[in-house]
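Read off the chains here:
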Amino acid sequence: MSYQQFGISSQLVERVKLKMKNPATKDRMKMLVDGLTKSDLQDRVKVRRMVKSAAGILNERLTGVQEEQIVSFVVAQKIDPRNTFHLIKLWGMFR
């Protein structure tokens, strides 16, 4: 399932990928997601909070619609951060 099916623009994804190449930004994002569990990523309130925090770290202004699209995408993926297969699948989606 592609992020584009959720209405997330490829321009936003490309900007985020570019910003994530900065080591300082990457470290801040790693701290944000450190210790996440599968249940955290299924909780829309927690995911929304993380999306807002990530947008702040990346200095991206998201509209309410974009925020909801990202939250819906994350919840729909049923990501288990401890499952290597899930992480590889996500990596392949955004490389």
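It should be noted that the structure appears before, not after, this text.
The following refers to the structure shown. Here the structure is a predicted model, which is why all the values come from computation and not from measurement. (Residues numbered from 1 in each chain as written. Predicted model: local features only at pLDDT ≥ 70, side-chain atom pairs only at ≥ 80, totals over all residues. Heavy atoms only, no water.)

1. Structural notes on the environment of Lys-17
Working step 1: Take Lys-17: it is sitting in helix H1 (residues 10–19).
Working step 2: For Lys-17, a relative accessible area of 27% gives the class partly exposed.
Working step 3: Sequence separation of Lys-17 and Arg-95 is 78 residues, and the distance between their C-alpha atoms is 8.7 Å.
Working step 4: Beyond its immediate chain neighbours, meaning those up to four positions away, Lys-17 contacts Phe-94 and Arg-95. (Helix = DSSP H or I, 4+ residues; strand = E, 2+ residues; numbered from the N terminus. Buried < 20%, exposed > 50% of the residue type's maximum accessible area, 1.4 Å probe, protein only. Contact = heavy atoms within 4.5 Å.)

2. A word on the packing of aromatic side chains
Working step 1: Scanning the entire structure with this criterion turns up one aromatic pair.
Working step 2: Each ring, one from Phe-6 and one from Phe-73, has its centre 5.5 Å from the other, and the planes form 80 degrees; the classification is edge-to-face. Here Phe-6, found in the segment before H1, pairs with Phe-73, found in helix H4 (residues 64–77); they are 67 residues apart in sequence, far enough to count as distant. Grouping residues by exposure puts Phe-6 and Phe-73 together as buried. (Phe/Tyr/Trp six-rings, centres within 6.5 Å; stacked < 30°, edge-to-face > 60°.)

3. Side note on the pattern of salt bridges
As a working rule, side chains carrying opposite charge can pair if their charged atoms are close by.
Working step 1: Per the counting criterion, the structure on display carries seven salt bridges.
Working step 2: With its nearest N and O atoms 2.8 Å apart, the salt bridge here joins Glu-60 to Lys-19. Remark: Lys-19 occurs in helix H1 and Glu-60 occurs in the loop between helix H3 (44–58) and H4; sequence separation between them is 41 residues.
Working step 3: The buried category is assigned to Glu-60, whose relative accessible area is 11%.
Working step 4: Residue Lys-19 is classed as partly exposed on the basis of its relative accessible area, which comes to 28%.
Working step 5: Among the charged side chains, a salt-bridge network with shared partners connects Arg-44, Arg-48, Glu-67 and Glu-68. (Salt bridge = Lys/Arg side-chain N within 4 Å of Asp/Glu carboxyl O.)

Purely geometric numbers; function is a separate question.
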